[in-house]
Amino acid sequence: MSTATVARTDFRSIRRSYAVVGVVVAFAALSALVFLGSGEVHPHPVRTTFGLSALVAWALPLLLAPLAYLAVAGDRARGTITYHLGLPNSRAAYFRGKYVTRAAVAAGSTLLGVAVAFAVALATYEHAPDPGRFLAFGALSATFTLAMVGVFVAVSASVASRSRAMVGVVGAYFLLSAFWVGPLPVLNLGTALDAVAALPGVSVSESARALIGSLSPAGAYFNLLPELVWAGAPGEYAALQQFADRPDYLGYEPWVNALVLAAWTVGAPLVGYLRFRSAELG
Amino acid sequence: MSAVEIDGLTKRYGDVTAVSDLSLSVGRGEVVGFLGPNGAGKSTTINVLLGFLDPTAGEVSVLGTDVTTDPQSVKARVGLLPEAFEPVPNLTGREHVAAAVETKGTDDDPDVLLERVGLAPEDARRPAEDYSTGMFQRMALAVALVGDPDLLVLDEPSAGLDPNGVQLVREIVREEADRGAAVFFSSHILDEVERVSDRVGILQDGELTAVNSVENLRDDLGMGSVVSATVDAVPDLGPLQAVDGVTDVSADGSTVRVACAAPGAKMAALRRLDDRATVADVTIEESSLEDLFEAYTTDRSDAGEAESGTGAGAGDGSAAGSPADAATAGGDRA
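The rules behind each value
Residues numbered from 1 in each chain as written. Chains lettered and ligands numbered in written order. Predicted model: local features only at pLDDT ≥ 70, side-chain atom pairs only at ≥ 80, totals over all residues. Heavy atoms only, no water. Helix = DSSP H or I, 4+ residues; strand = E, 2+ residues; numbered from the N terminus. Rg over C-alpha atoms; globule rule 2.2 N^0.38 Å. Buried < 20%, exposed > 50% of the residue type's maximum accessible area, 1.4 Å probe, protein only. Contact = heavy atoms within 4.5 Å. Areas by Shrake-Rupley, 256 points an atom, 1.4 Å probe, with all protein chains shown as cover. Core = buried A, V, L, I, M, F, W, Y, C linked by side-chain atoms within 4.5 Å. Salt bridge = Lys/Arg side-chain N within 4 Å of Asp/Glu carboxyl O. Expected span 1.5 Å × (residues − 1). Buried area = accessible area lost by both parts, 1.4 Å probe. Polar contact = N/O pair within 3.5 Å; in protein donor to acceptor, adjacent residues only side chain to side chain. Nonpolar A, V, L, I, M, F, W, Y, C, P; charged D, E, K, R; others polar.

(A) How the structure looks around the overall build of chain A. When you go through chain A residue by residue, the secondary structure sums to 14 helices and zero strands. Each helix and strand of chain A, ordered N terminal to C terminal, gives the series α-α-α-α-α-α-α-α-α-α-α-α-α-α. Against the globule reference of 19 Å for 282 residues, chain A gives a C-alpha radius of gyration of 20 Å, in line with a compact fold. Projected onto the principal axes, the alpha-carbon positions of chain A cover approximately 60 × 55 × 30 Å. Counting over 282 residues, chain A shows a buried share of 52%. Sequence separation of 24 or more characterises 80% of the internal contacts of chain A that already satisfy a separation of 6 or more. Accessible area of chain A: about 11,800 Å², with a carbon and sulfur share of 68%.

What follows is the structure in structure tokens.
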């Protein structure tokens, strides 16, 4: 009961700040633009999910971060947490309520963005979109955003000030998404592993690289897309076919990546709660 | 069973001791005011009571439950007005109260509670972050009153309130105590504490230096009252000084000031003065809680006072050791 009250109160608060509307509209607009701009180049909508997945992995967490980093740390900094916990809310119920609102916004905005993309594809592409592929893409993308928001809320619950929460969330985004499987040419996991491999007596095999690469939510997300969304895709697109002949490494196994994503989705909020449960509030 | 039972509470942050070996109890239907300078440890004590902080040592029970192990089970019976918290952004005052009603599972009408604390209906439907400090305090008090709690914990409830608001808080505290609720509150408004509290606890540097009724604290420190009499001509003050219970006599122009440690000394001194001069006017000033507070929280060694004691007894009438010169000091201040 109190979890629902905390969640309802929290959702009402963030909804009225227009933060939710901002995130939902921004991602839906970006999704629509990606599909509108690619219809002429790629007649099969599934090819455009390749570009949209990059948006999900690198832009969507940045849109969600401002909404998540103050979830608990903001209440602690403002003292509002004494209002919530002075009532018969346990710390678990309070944390659940806070997590549920952020997770709902994350999953909702992701699914709406994918739905908008589907609608645009249906209206403008030469070939109709495959509902099954889009459903899989939506579900996988939503799981990824849940994992990232879980990390952000966990960071927020683990620190006592706004500034630490902001630094922690931006750091988590950079490490787990931009650095791990990111577009940065120099500063990424690959170059870091190259640097380690350059040390005397150290070697990092390709299979080890694949396994390490799968350990972040973004890594697991990108590793699962070929299997769940792009397998057997029509159109002979090189961008999608590049995954067809991947070596038989453990890091590319769907079950490993599903396990990694599940571990982040469940484990991060759990760790955040455990930190919050023993925090001194005052 | 006491509503609050604190036994040997100590709270340290690293090397800093916020509260040291504090023992105190609050009975049902009793109003206990908690006084102390900034940083004395008042809010730390309250935060331990609510389970927000874990004590370093000691035992704390609220309504018979050890809050260090099970803070959750008593929250439904406690009403809290926290110090200096900000509202949930974008929520109206009424929504804050309604959420508290929902969480506590009571059938309170938020509008009735808000009316009781004097928050107008149109204000109750505005975002609470737009409230003045006084309006916000009223809303927070309404939240604390949800569910007719057995214990009200009010941290600076009158902060930012106008005189009418302060009076309202006083009335509500008394009403709640009359209903049988225990009220434990901290305040910087000494007059408020004096008027409404059955007992007062004075905290200094994390240590409880006194717990008692204001009247008993006054007696213990010998800070009774000062009789000021306007006379036609100031007589020899020696006979007045000799009256039992008189601690100091002085004259300023046509006014004679007689500091009395014991209640019976006032009339005896006044009769003796009236025998020796024509008394045109008389005023009697009781030593205020401010005087007591100052006496208990001023460095005793600087004041040249006797060694201090600690009085942490729960309703046992004990108080800090009485400084030898406090009567004179109090009389001078009065």
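(B) Geometry of the environment of L228(A). Residue and element names in this part refer to chain A. Within the secondary structure layout, L228 lies in helix α12 (residues 217-230). In this structure L228 comes out as partly exposed when scored by relative accessible area, which is 46%. Residues L228 and P254, 26 residues apart in the sequence, show an inter-C-alpha distance of 8.7 Å. For L228, the residues in contact, after removing those within four places along its chain, are A136 and L140.

(C) A look at the nonpolar core. Core analysis: the biggest nonpolar cluster contains 105 residues, and F152(A), Y221(A), F276(A), L22(B), L151(B) and F184(B) have the highest contact counts within it. Counting residues per element, this core draws most heavily on helix α8 (residues 131-158) of chain A, which supplies twelve residues. Each residue touching F184(B), except ones within four places of it in the same chain, is listed here: L24(B), V26(B), V32(B), F34(B), I46(B), L49(B), L151(B), L152(B), V153(B) and L154(B). In terms of nonpolar packing, the next biggest core, distinct from the first, is built from 52 residues, V31(B), V88(B), V101(B) and I202(B) among them.

(D) Representation of the pattern of salt bridges in the model. Tallied over the entire structure, the rule returns 21 salt bridges over all chains. Here R12(A) ties to E95(B) by a salt bridge, and the two come within 4.0 Å at their closest N and O atoms. Taken together, the residues R12(A) in helix α1 (residues 2-16) and E95(B) in helix α2 (residues 93-104) connect one chain to another. For R12(A), a relative accessible area of 26% puts it in the partly exposed group. Among the residues examined, E95(B) registers a relative accessible area of 16% and is labelled buried. Note that R78(A) is salt-bridged to D75(A), the shortest N-O span being 2.9 Å.

(E) Fine view of α1(A). Between its first and last C-alpha atoms α1(A) spans 21 Å; for 15 residues at 1.5 Å apiece the expected length is 21 Å, and the two agree. For α1(A), the set of buried residues is S2(A), T3(A), T5(A), V6(A), A7(A), T9(A), D10(A), S13(A) and I14(A). Buried residues along α1(A) sit in contact with α2 (19-38), α4 (60-68), α6 (80-86) and α7 (91-124) of chain A together with α2 of chain B. Positive backbone phi, at 65°, marks Y18(A), one or two positions downstream of α1(A).

(F) Up close: the interface of chain A and chain B. In this assembly, 26 residues from chain A lie in contact with 30 residues from chain B. The contact between chain A and chain B buries some 2,500 Å² in all, and 56% of this surface belongs to carbon and sulfur atoms. Per-residue buried area on chain A facing chain B is highest for R78(A), Y83(A) and P88(A); these three make up 26% of the total on that side. Where chain A packs against chain B, one counts four salt bridges. Our count for the contact surface shared by chain A and chain B stands at 18 residue pairs in polar contact (both at pLDDT 80 or more). Breaking the side of chain A that touches chain B down by element, the ones donating at least two residues are α1 and α6 of chain A. The leading source of residues in the side of chain A that touches chain B is α1(A), at seven residues. Tallied by class, the residues present in the side of chain A that touches chain B amount to seven nonpolar, 13 polar and six charged.

(G) The side chain of S13(A), seen in detail. Secondary-structure assignment places S13(A) in helix α1. Those residues within four positions of S13(A) in sequence are excluded, and the remaining contacts are V88(B), P89(B), N90(B) and L91(B).

(H) Molecular detail of the environment of T68(B). Residue and element names in this part refer to chain B. Structurally, the position occupied by T68 is in the loop between β5 (65-66) and β6 (78-81). Residue class for T68 comes out partly exposed when judged on its relative accessible area of 30%. Residues T68 and L53, 15 residues apart in the sequence, show an inter-C-alpha distance of 8.5 Å. Contacts of T68, omitting those with residues within four sequence positions, involve P55 and V60.

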